[in-house]
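Structure at a glance
Chain by chain, the residues run as shown.
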Amino acid sequence: MDVASADVRLQHPLLCSGRMTSEIRTVDSEARVLEPEGLGVLVDALLDAGYRVVGPTVRDGAIVLDELRTADDLPHGWTAEQGAAHYRLERREDEAVFGWAVGPHSVKQELLPPHVRLWRATAAGDGAAPALEPEPPPTSPLAVLGARPCDLRAIAIQDRVFLEGAYVEHDYAARRDGAFLVVVNCGVPGGTCFCTSLGTGPRAAEGFDLALTEVLEGGHRFVVEAGSERGRTLLESLPTEAASSEDRAAALAVTDAAAGRMGRQLDAEGLPALLAASLEHPRFAEVAERCLTCGNCTAVCPTCFCTSVEDVTHLADGSAERWRVWDTCFSLDYSYIHGGSVRRSPRARYRQWLTHKFGTWVDQFGTSGCVGCGRCITWCPVGIDVTEELAAIRVGKTEVEHGDAR
Amino acid sequence: MAVRSSAETSLQGAVLPVPYRVRSRVQETSDTWTLELDPLAETVEPRAGQFDMLSAFGVGEVPISTSGDHDGPGPLTHTIRAVGPVTRALCAAGEGTVVGVRGPFGNEWPLAEAAGHDLLVVAGGIGLAPLRPAIRHALAHREDYGALCVLVGARTPRDLLYVHEIERWRSRLDAEVDVIVDAAASGWHGRVGLVTMLIPGAMIDPESAVAFVCGPEIMMTLVVRELMDRGVSPDRIWISMERNMRCGVGHCGHCQLGPVLVCRDGAVFRADEMTPLTGVREL
Amino acid sequence: METLAELIASSPVFAGMTDEDLALIAGCAWNIGFKVDEVLFREGDDADTFYLVRRGRVSLELHTPDRGGIVIDTAEPGDVVGWSWLFPPYHWHYDARAVENVRAIAFDGACLRGKSTEDTRLGYDLMQRFAAVMIDRLKHTRFRLLDVYGGTFVG
């Protein structure tokens, strides 16, 4: 399977790639400049090549992923104000296309859809074995225009879970293989973003076919870099000019400025060990007073991957189907065995989610589970903030050790 | 620009259940049946300690440990307790019914590592089912092990599994087999008490013995404690853990226990690795 | 042929007792045997005599109107059967029945209570030994209250 991000090198447990994105100090010398109208050509080229193109659009008061028919479907001139339990769409004063931070959807919607049929079984009659028909893969490959660097890191994290274990998740693999990824580097971080704390943004290091940086300073344009052979091929077909050194400096300035305006910070040092040693920390009981165990965080999180299966029968023809559906560790029956659930209390379920995301995920899959996108903070109905919870656990731990060195 | 085709991935056995036909169905207790199954397509034989995901088509799928003898050819054997819609459907599957099997998954009882040592097997309730393949293996390769001691606990005499087979084991002179029940009707001439009470008297050398333990988690916790009190080091005690499973292959997240995935890293674990985890309430 | 004192000393309950103390309590004891199904005592009987099992097995049973007799415990070689002789009102709370041919040492409870009152040091030692037995039994009985096999297994 030829995917640009397949080569994930583990050097730091929090990172998939060997490079912190803040270490990227130059824009590719082969970069090109695309005028805003050129976005339409890009979308058309992907559609003509047979891709199903998915990108950000404005719908239901938010910027969400949907199928794009033209570049006009993109959220030109929109932004969103975000904070804990707060998201409000607002008009910008300019026509920036990507002047906003991530909304509730991530590429997870496409690579790990909420409901997928796995197989169908038709009764054969006379006691013969039912005929099992696996679900065919999607007819068109996927192209995503407008993934963010944190989204790319999330994809790499899910690749580790689904593609690099003893068994390959065949539906994920089918959608992932050949997916064309156009990342948009971030110029407008959100109120809940903390990608820099985890080294996942605001500039993408790898894992993309094309990377766009939207520049407004000195004329609205896009600086485009190719990240793969086929990205290069597509780029050659677009109406672009060579990027000057000023263009490239302007592009770098956009993401540097974004890096300096993160809505949140997280001290990620030693989190797995800290959490393993803090399982009975009183903070978990405190956050449980607020947590509704609604699972919004797991739904919007780009790395949360838990699923369940449902078997259904059709009475008319006796056929059976198995569906794979999203699940959440916050549900009471998630951990059901022995006539009861292991994690009965909200405290235990919140602890499971937090310690898995930032701690035991590393033991299980070799990377952190968090990319610092901040969605869980924005979309939590009571505004629980993981950066605040982790900071409180860290401070409490120091107090428990009576001021000993961390 | 060309469109890429999907990656080739192996579906059979990992995703698609393999059809098996029920060869026989034997009732063990009021709520437990043993099914013997014949495959209708090519399959992999499970090893002692492994589990399969069994499907009752149209109802659902559950993880069940293998409880047959797989040192040679023979049907796939599963002992199932009917506690929910899927297990009830499986337990009701008569001869000739087709069920689905995915697997085998998980790791094995470390029979090779236990060779040369006294082997103590402690089974509680339905925990005897996942241990039966290991017990049969040890009896069939008796000279590979030192003393062989099998302790079986159940709620009442009517809840004992494999009673005829236990009697055959007891009739052997080269193995110690003790049975104990939590309570019994008057007329029971065996021991009454929790299976932990059999541990002090087991004829093994605690300094070197290897123990395999299986049963409800609370029972295993009490047994491990009792074994350690007797002097069996927890790095020589192996337990079979259970957690909710939906996929069996490390993709659904349900079977997490702290840093491990039971389906992928277990279900057989060393007690010293598990005790720090099972000691945390609601982990 | 072992003396009564030697037989008593070989039980874990009385291990480590001095020869003098063993002789004292042996003065309250005698050898006894029960055939299969023979009853040692019944619920409600005066608790005068208690037993130290040497060979065989004794079942402790409670009678229920709807389910008949239920075996709630068994005593093996080395176990003591019965503590109700220690405290008033000195009545048995269950039946005890031999389920195999049993050889046991019987003790006169009143005799032992008398000697413990005279020699409170002996009394304290006996109380400690029986307390240890009771605590161990209580621990295991509490474990059985968990009904460890009652829950569901997989699926």
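Residues numbered from 1 in each chain as written. Chains lettered and ligands numbered in written order. Predicted model: local features only at pLDDT ≥ 70, side-chain atom pairs only at ≥ 80, totals over all residues.

1. Side note on the overall build of chain C
The helix and strand tally for chain C stands at 4 helices and 8 strands. Its helices and strands in sequence order give chain C the pattern α-α-β-β-β-β-β-β-β-β-α-α, from N to C terminus. Each principal axis of the C-alpha distribution contributes one length, and for chain C these read about 60 × 35 × 30 Å. (Helix = DSSP H or I, 4+ residues; strand = E, 2+ residues; numbered from the N terminus.)

2. What to know about the overall build of chain B
Along its length, chain B carries 7 helices and 16 strands. Taking 2.2 N^0.38 as the reference for a compact globule, 283 residues should give roughly 19 Å; the C-alpha atoms of chain B span a radius of gyration of 19 Å, in line with that estimate. Counting the 283 residues in chain B, one finds 54% classified as buried. Taking all contacts inside chain B whose residues are at least 6 apart in sequence as the whole, residues at least 24 apart take part in 70%. (Rg over C-alpha atoms; globule rule 2.2 N^0.38 Å. Buried ≥ 20, exposed ≤ 12 C-beta atoms within 10 Å, placed from the backbone. Contact = placed C-beta atoms within 7 Å.)

3. Here's the deal with the domain arrangement of chain B
Residues and elements named next belong to chain B. Domain annotation for chain B reports domain 1 (18-105) and domain 2 (111-240). The interface of domain 1 with domain 2 comprises 15 residues on the first partner and 15 residues on the second. At the level of elements, strand S1 (18-29) and strand S5 (76-81) are the ones that each hand at least two residues to the side of domain 1 that touches domain 2. Within the side of domain 1 that touches domain 2, the residues separate by chemical class into 1 nonpolar, 10 polar and 4 charged. (Domains from an automatic or database assignment. Nonpolar A, V, L, I, M, F, W, Y, C, P; charged D, E, K, R; others polar.)

4. Regarding the sheet that holds strand S1 (residues 32-34) of chain A
All names here are of chain A. With mixed pairing, the 8 strands of this open sheet are ordered in space as S3-S2-S8-S9-S10-S11-S1-S12. Only two strands of the sheet have a single neighbouring strand rather than two, namely strand S3 (62-67) and strand S12 (240-242). Taken over all neighbouring pairs, the strand axes of this sheet differ in orientation by 25° on average, direction set aside. Across the sheet, helix H6 (residues 229-236) is in contact with S1, strand S10 (210-215), strand S11 (221-226) and S12; its angle to S11 comes to roughly 140°. (Pairing = 2+ DSSP bridges. Axes fitted to C-alpha atoms, helices over the stretch in contact; angles between N-to-C directions.)

5. Some points on the interface of chain A and chain B
Counting from both sides, the interface comprises 52 residues of chain A and, opposite them, 37 residues of chain B. Only strand S6 (115-122), strand S7 (131-134), helix H3 (149-163), helix H4 (170-176), H6, strand S13 (307-314), strand S15 (336-337) and helix H11 (346-365) of chain A provide two or more residues apiece to the side of chain A that touches chain B. In terms of residue class, the side of chain A that touches chain B is built from 30 nonpolar, 15 polar and 7 charged.

6. Remarks on the packing of helix H9 (residues 282-290) of chain A against H11 of chain A
Residues and elements named next belong to chain A. Where H9 meets H11, the closest approach of the two axes is 8 Å, and the angle between their N-to-C directions is 110°. Taken together, the axis directions place H9 and H11 in an arrangement best described as roughly perpendicular. For the pair H9 and H11, the contacting residues are Phe284, Ala285, Val287 and Ala288 in the first and Pro346, Arg347, Tyr350 and Arg351 in the second. Split into classes, the residues belonging to the contact of H9 with H11 amount to 6 nonpolar, no polar and 2 charged. (Parallel < 35°, antiparallel > 145°, perpendicular 65-115°, else oblique.)

7. Points about the pairing of S1 of chain B
Sheet faces and side chains relate simply in a regular strand, where the side chains alternate between the two faces. All names here are of chain B. Both S1 and strand S6 (residues 98-105) contribute to a ladder of 4 bridges, which runs antiparallel. Within S6, the residue paired with Val18 across the bridge is Val101. Pairing between S1 and strand S2 (residues 32-39): 8 bridges, direction antiparallel. Across the sheet, Tyr20 pairs through a bridge with Pro39, a residue of S2.

8. Comments concerning the sheet that holds strand S1 (residues 29-34) of chain C
Residue and element names in this part refer to chain C. Taken together, the 4 strands give an open sheet; going across it, the order is S1-S8-S3-S6, and neighbouring strands pair in antiparallel fashion. Pairing within the sheet leaves two strands with one partner each, and these edge strands are S1 and strand S6 (80-81). Pairing between strand S3 (residues 49-55) and S6: 2 bridges, direction antiparallel. The partner of Leu52 across the bridge, within S6, is Val80. Where helix H3 (residues 109-118) meets the sheet, its contacts fall on S3 and strand S8 (102-108), and the angle it forms with S8 comes to roughly 50°.

9. So, the nonpolar core
In this structure, Val144 of chain A together with Leu90, Val121, Ala211, Val213 and Ile239 of chain B are the most contacted members of the largest nonpolar core, which totals 246 residues. Not counting residues up to four positions away in its chain, the partners in contact with Ile239 of chain B are Val213, Cys214, Met220, Val224, Phe269, Ala271 and Met274 of chain B. (Core = buried A, V, L, I, M, F, W, Y, C linked by C-beta atoms within 7 Å.)

10. Overview of the confidence of the model for chain C
The predicted structure's coordinates, where accompanied by low pLDDT, should not be read in detail. Looking at chain C, pLDDT values average 91 and 97% of them are 70 or higher. The ipTM value of the predicted complex is 0.92, and its pTM value is 0.90. (pLDDT = per-residue confidence, 0-100.)

11. Describing the confidence of the model for chain B
In this model, chain B carries a mean pLDDT of 93, and residues with pLDDT of at least 70 account for 94%. In the model, residues 1-10 of chain B has pLDDT below 50 throughout and makes 21 contacts with residues more than four positions away in sequence or in other chains.

12. Quick look at the packing of H3 of chain C against helix H4 (residues 120-145) of chain C
All names here are of chain C. Packing of H3 against H4 leaves a shortest axis separation of 5 Å and a crossing angle of 125°. Here H3 is positioned oblique relative to H4, judged by the angle of their axes. Contacts between H3 and H4 involve Lys115, Ser116 and Thr117 on the former and, on the latter, Thr120, Leu122, Gly123 and Leu126. Here the contact of H3 with H4 is composed, by residue class, of 2 nonpolar, 4 polar and 1 charged.

13. Here's the deal with unusual backbone geometry
Cis rather than trans, the peptide bond between Gly201 of chain A and Pro202 of chain A has omega equal to 5°. Take Pro202 of chain A: it is sitting in the loop between helix H5 (195-198) and S10. Cis geometry marks the peptide bond from Gly266 of chain B to Ala267 of chain B; its omega dihedral reads 10°. Looking at the element boundaries, Ala267 of chain B is found in the loop between helix H6 (262-265) and strand S16 (268-270). Its identity as a non-glycine residue notwithstanding, Asp60 of chain A has a phi of 50°, on the positive side. Inspection of the secondary structure assignment puts Asp60 of chain A in the loop between strand S2 (52-59) and S3.

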